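Here's the letter readout for the chains.
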Amino acid sequence: MECLSTEIPAEVVDKPVEVKDIVENAKDTEEPAVENDKEEPEKAGEEFAYLERNEFTSEIFKIEVKNLGYFGIGEFKKLLRSTLKFDMTKIKAPTRKEFAFVCFRSQEDQQRALETLNGYKWKGKVLKAQAAKASADPLQKRRAAEDQESERKPKKQRTAVEATCPLSHIPYEQQLKQKSEEMSALLAKYTQELRRINPRAKPHLDKFKFEEVLPSPTVNGYRNKNEFTVGKNSAGEVVVGFRLGCYSDGSVEVAEVQDLPHLPEQAKWAARSFQELVRRSKFLPFNPDGNVGHFRQLMVRCSSATGELMLVAGIYSSNLSEDEQIQLKQELKTFYEEAEKDAPYKCTSLYYQDVKHREAGQTINPVEHISGSTHITDTIQGLQFRISPLAFFQINTEGANVLYQKAIDLAAPTKDTTMLDICCGTGTITLAFAKHCKKVMGVEIVPDAIKDAEFNAEANGIKNCKFFTGNADDFIKSMVREALYEQEVGKPVDLIAVVDPPRAGLHHRSIAAIRSADAVNRLVYVSCNPHSAKRNFIELARPESKQYKGEPFYPKSAVAVDMFPHTTHTELVILFEREPKTKADEKTQPGEEAAETKSEATADAIGGENTASAT
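Owing to the predicted nature of the structure, the values given are computational and were not obtained by experimental measurement.

Asks: Would you mind going over the overall build of the protein chain in detail, with residue names and values included?
Replies: A tally of regular secondary structure across the protein chain gives 18 helices and 23 strands. Among the 615 residues that make up the protein chain, the fraction classed as buried is 51%. For the protein chain, the accessible surface area stands at approximately 29,800 Å², while carbon and sulfur atoms represent 50% of it.

Asks: Please give an account of unusual backbone geometry that cites residues and values.
Replies: The backbone phi angle of Lys 123 is positive, close to 55°, even though this residue is not glycine. Looking at the secondary structure, you find Lys 123 in the loop between strand E4 (121–122) and strand E5 (125–126). The class of Lys 123 is partly exposed, set by a relative accessible area of 43%. One non-glycine residue with positive phi stands out, namely Ala 412, at about 50°. Inspection of the secondary structure assignment puts Ala 412 in the loop between helix H11 (397–411) and strand E17 (417–422).

Asks: Can you explain the packing of helix H7 (residues 172–197) against helix H16 (residues 530–541)? Please cite residues and give values.
Replies: At a minimum axis separation of 10 Å, H7 and H16 run at an interaxial angle of 30°. Taken together, the axes of H7 and H16 lie roughly parallel to each other. The element H7 and its partner H16 pack so that their crossing is right-handed. Packed against H7, whose contacting residues are Met 183, Leu 186, Tyr 190, Glu 193, Leu 194 and Ile 197, the element H16 presents Pro 530, His 531, Lys 534, Phe 537, Ile 538 and Ala 541 at the interface. Partitioned by chemical class, the residues of the contact of H7 with H16 number nine nonpolar, one polar and two charged.

Asks: Before we move on, can you summarise the sheet that holds strand E22 (residues 554–561) with the specific residues and values?
Replies: Strand order in the open sheet formed by eight strands is E7-E22-E23-E21-E20-E17-E18-E19, with mixed pairing between adjacent strands. The open sheet terminates on both sides in strands that have one partner only, identified here as strand E7 (209–214) and strand E19 (465–469). When the angles between neighbouring strand axes are averaged without regard to direction, this sheet yields 15°. Bridging between strand E18 (residues 439–444) and E19 involves five bridges; their strand directions are parallel. Paired with Glu 444 across the bridge in E19 is Thr 469.

Asks: How would you summarise empty space enclosed by the protein if you had to cite specific residues and measurements?
Replies: Enumeration according to the criterion identifies three cavities of 30 Å³ or more in this entry. Of the voids in this model, the largest cavity is the one considered here, and its volume is about 40 Å³. Looking at the largest cavity, the residues that line it are Phe 392, Tyr 404, Asp 421, Cys 423, Cys 424, Gly 425, Thr 428, Ile 429 and Asp 500.

Asks: Quick rundown of the state of the cysteines? Include the residues and the values.
Replies: Overall, the coordinates contain zero disulfides when judged by the stated rule. Cys 424 takes part in no disulfide bond, and the closest cysteine sulfur, belonging to Cys 423, lies 8.2 Å away. The buried category is assigned to Cys 424, whose relative accessible area is 4%.

Asks: Go over the nonpolar core, please, and point to the residues and values.
Replies: Counting residues in hydrophobic clusters, the biggest one holds 49 residues, and the most contacted among them are Ile 422, Leu 523 and Phe 576. Sorting elements by how many residues they give to this core places H7 first, with eight residues. Beyond its immediate chain neighbours, meaning those up to four positions away, Phe 576 contacts Tyr 190, Asn 521, Arg 522, Leu 523, Tyr 525, Phe 537, Leu 540, Phe 553, Tyr 554 and Pro 555.

Asks: Kindly report on the pattern of salt bridges, identifying the contributing residues and their values.
Replies: For the coordinates displayed, the defined rule picks out 20 salt bridges. Here Asp 473 ties to Arg 509 by a salt bridge, and the two come within 3.3 Å at their closest N and O atoms. Note that Asp 473 is positioned in helix H14 (residues 472–485) and Arg 509 in helix H15 (residues 508–516), a separation of 36 residues in sequence. Note on Arg 509: relative accessible area 46%, which makes it partly exposed. Among the ionic pairs, Arg 522 bridges to Asp 494, the shortest N-O distance being 3.0 Å. Residue Arg 522 is found in strand E21 (residues 520–527), and its partner Asp 494 is found in strand E20 (residues 494–499); the two are separated by 28 residues along the sequence.

Asks: So what about the environment of Leu 572? Which residues, and what values?
Replies: By the element assignment, Leu 572 lies in strand E23 (residues 571–577). A residue is classified by how much of its surface remains accessible, and Leu 572, at 0% relative accessible area, is buried. Along the backbone, Leu 572 and Glu 212 are 360 residues apart, and their C-alpha atoms lie at a distance of 9.9 Å.

Asks: For the sheet that holds strand E14 (residues 367–372), give the residues involved together with the corresponding values.
Replies: Spatially, E10-E9-E8-E11-E12-E13-E14 is the arrangement adopted by the seven strands of the open sheet, whose pairing is mixed. Of all strands in the sheet, those bounded by a partner on one side alone are strand E10 (254–255) and E14. One ladder, built from two bridges, connects strand E9 (residues 238–243) with E10; its direction is antiparallel. Residue pairing for E10: Arg 243 is matched across the bridge by Val 254.

Asks: Outline the confidence of the model for the protein chain, listing residues and values.
Replies: Residue-level pLDDT values for the protein chain average 82, and 79% of them are 70 or greater. For residues 1–44, every residue scores under 50 in pLDDT, and the model assigns this stretch 68 contacts once sequence neighbours within four places are set aside. Taken together, the stretch residues 588–615 has pLDDT below 50 and engages in 34 contacts with residues farther than four places along the chain or on a different chain.

Asks: Go over the packing of aromatic side chains, please, and point to the residues and values.
Replies: With the rule as written, the count across this model stands at 14 aromatic pairs. With a centroid separation of 5.8 Å and an interplanar angle of 45°, the aromatic rings of Phe 76 and Trp 122 are classed as tilted. A residue pair is termed long-range when its members are at least 10 positions apart, and Phe 76 in helix H3 (residues 73–83) and Trp 122 in strand E4 qualify at 46 residues. Taken as a pair, Phe 76 and Trp 122 share a single burial class, namely buried. Plain terms: the ring middles of Phe 228 and Phe 242 are 5.2 Å apart, the flat faces sit at 45° to each other, and that makes the pair tilted. Highlighted residues: Phe 228 in strand E8 (residues 225–232) and Phe 242 in strand E9, separated in sequence by 14 residues. For Phe 242, a relative accessible area of 14% gives the class buried.

About the cut-offs
- Every residue gets a number counted from 1 within its own chain, in the order that chain's sequence is written.
- A pLDDT threshold of at least 70 governs which residues receive local features in this predicted model, and a stricter bar of 80 or more applies before side-chain atom pairs are shown or counted, although totals over entire chains, interfaces and linings include all residues.
- The basis for the side-chain values is all heavy atoms of the structure; hydrogens and waters are excluded.
- Counting from the N terminus, the helices are the DSSP runs of H or I reaching at least four residues and the strands are the DSSP runs of E reaching at least two.
- Categorising residues by exposure relies on relative accessible area from a 1.4 Å probe, with only protein chains included: less than 20% of the type maximum marks a residue as buried, more than 50% marks it as exposed, and the intermediate range marks it as partly exposed.
- Using a 1.4 Å probe, the Shrake-Rupley method yields the accessible areas, and only the shown protein chains count as cover for residues.
- Under this scheme, a helix contributes an axis fitted over its contacting stretch, all axes are lines through C-alpha atoms, and angles between N-to-C directions fall in the 0 to 180 degree range.
- Angular relationships are summarised with four words: roughly parallel below 35 degrees, roughly antiparallel beyond 145, roughly perpendicular across 65 to 115, and oblique for the angles in between.
- Working rule for handedness: look at the near helix, and if it is turned counterclockwise from the far one by less than a right angle, call the crossing left-handed; if clockwise, right-handed.
- Contacts between residues were defined by any pair of non-hydrogen atoms, one from each residue, lying within 4.5 Å.
- Nonpolar residues are Ala, Val, Leu, Ile, Met, Phe, Trp, Tyr, Cys and Pro. Charged residues are Asp, Glu, Lys and Arg, and all others, Gly as well, are polar.
- Between any two strands, pairing holds if DSSP finds at least two bridges.
- Only protein atoms enter the 1 Å grid used here, on which a cavity is any set of points holding a 1.4 Å probe that cannot leave and a pocket is any open set flanked by protein within 12 Å on both sides along at least five of seven lines; residues with an atom within 4 Å of a point are listed as lining.
- Grid points are joined across faces, edges and corners, and a volume is the space filled by probe spheres set on the points.
- Here, the term disulfide refers to a pair of cysteine sulfur atoms separated by no more than 2.5 Å.
- To define a nonpolar core, start from buried Ala, Val, Leu, Ile, Met, Phe, Trp, Tyr and Cys residues and group those joined through side-chain atoms within 4.5 Å.
- The working definition used for a salt bridge is a side-chain nitrogen of Lys or Arg within 4 Å of a carboxyl oxygen of Asp or Glu.
- Residue-level confidence of the predictor is summarised by pLDDT, bounded by 0 at the bottom and 100 at the top.
- Each aromatic pair joins two rings of Phe, Tyr and Trp (for Trp, the six-membered one) with centres within 6.5 Å, and gets the label stacked for planes under 30 degrees apart, edge-to-face for over 60, and tilted for any other angle.

What follows is the structure, given as structure tokens:
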């Protein structure tokens, strides 16, 4: 996928300017070319050529806000969105700087922001706001820089194996040892930081234990979901595979996937067949260098339990008429329905996905069912799960059996336990816990995933469950209230929370909601990206404050599961527990709350950078 590079400080005009002036000035700053050299002016303009396309980009409605002082990206976003009611698309704030860039959807929104923020008083500072130039296209910028290096040595491009399976050349036992050492080092840094932030955590951290990285039952061909890019290889041939680098790094080359050890044969066949279709078609492969073409990506989901194969063709439709889109859908349908009878695999579910620039408020690219069944089915912990195209499901099915059993073992539920599954997806963890608990409840933002979860519960004959659709932080308190309402009088409350969030971790509002739910005393955190989740680990265990009310959760034990053999990634499971507040805890030392507020602001400023870049 395309990704924009980190924002570079833009030149700012001394007075408010029109958007067209910004674009024109971006071009006017280039050096004039020699009259006989016709290629140079084209190269100068290519870095900003994307502004001339008939497509929306918020870069042309950008402003720079100065004199912010020391600030957290979260609090700045709250000012803009909640207090001032701005409809911005993204915020870019370089680390440890006193300025930020804000992009909007229209010139009207941009102008209102300029008028409001210029002279606005915030946190004792008088802000300055000025229109800013659009950023240069990172790919064209990189190419222009390379062209200026006359004696530059050609850079060796990575292979598909090096890009996606960097550990595949190492024996698997050595991979596990390396990952165990990395997890131990990460947890050591986490506990060291927590000792500094919360001295009361020391006795808990002294007892904290990390077991090891458990092996995946399946080492090769374990990935049940893959997203392939349509593009060209170094020889200029149309290829369906993995991109070898990021757009912002100046790379659009795509390599085939037939030699990758972590892909199942079904997925490799799917890539080959789609590649054949694209090469035959009159419609073109998508090229991010100019946003031309149509075939953009292919998502493949497969089931080792049933042999089912789901394909989701991602099509860039901005340059297609309605009739052309109908033709392309029919071409997809015909190709896979009339596939050779002796083909080793068969597409059992086919979808069309409109992959283009999202509109305001749009969080996912819509899918349309074209042919075959609407779902595929897979099995975890002896339970069958129906999976829709966009629903979350663990990448490594056999590894998930190990992962979920470890989560159950750490949580140690009883028949009096109520379990809350935050970010429940299709209900895999929720339903795996169901037979061990009195009741289980799950919440998920993707509506289709909740439909799958409810279907999965009924198909597996599970009655003691309930699912909610929406943001986790909006439902945590209501789920806790429902669990307490149903608790028998006189019986102690046993309420467990399990979180398995996306790679970026939980939003701080969700952490605050869990912290404030006094009835929840045990929490199992399942993380597919422990480096990003470390921020959440700190938020769970930091001292009580205005932002994080409720006693802290202290880490008790941890175990990792190698859900991603041949890669550098590992899934980490941590059990957190908290103790009832004592009278001694209620005595706050002078200045402790102020110090805590300062440490939270520091964490927001550091941890918020990921949020800003993804906005």
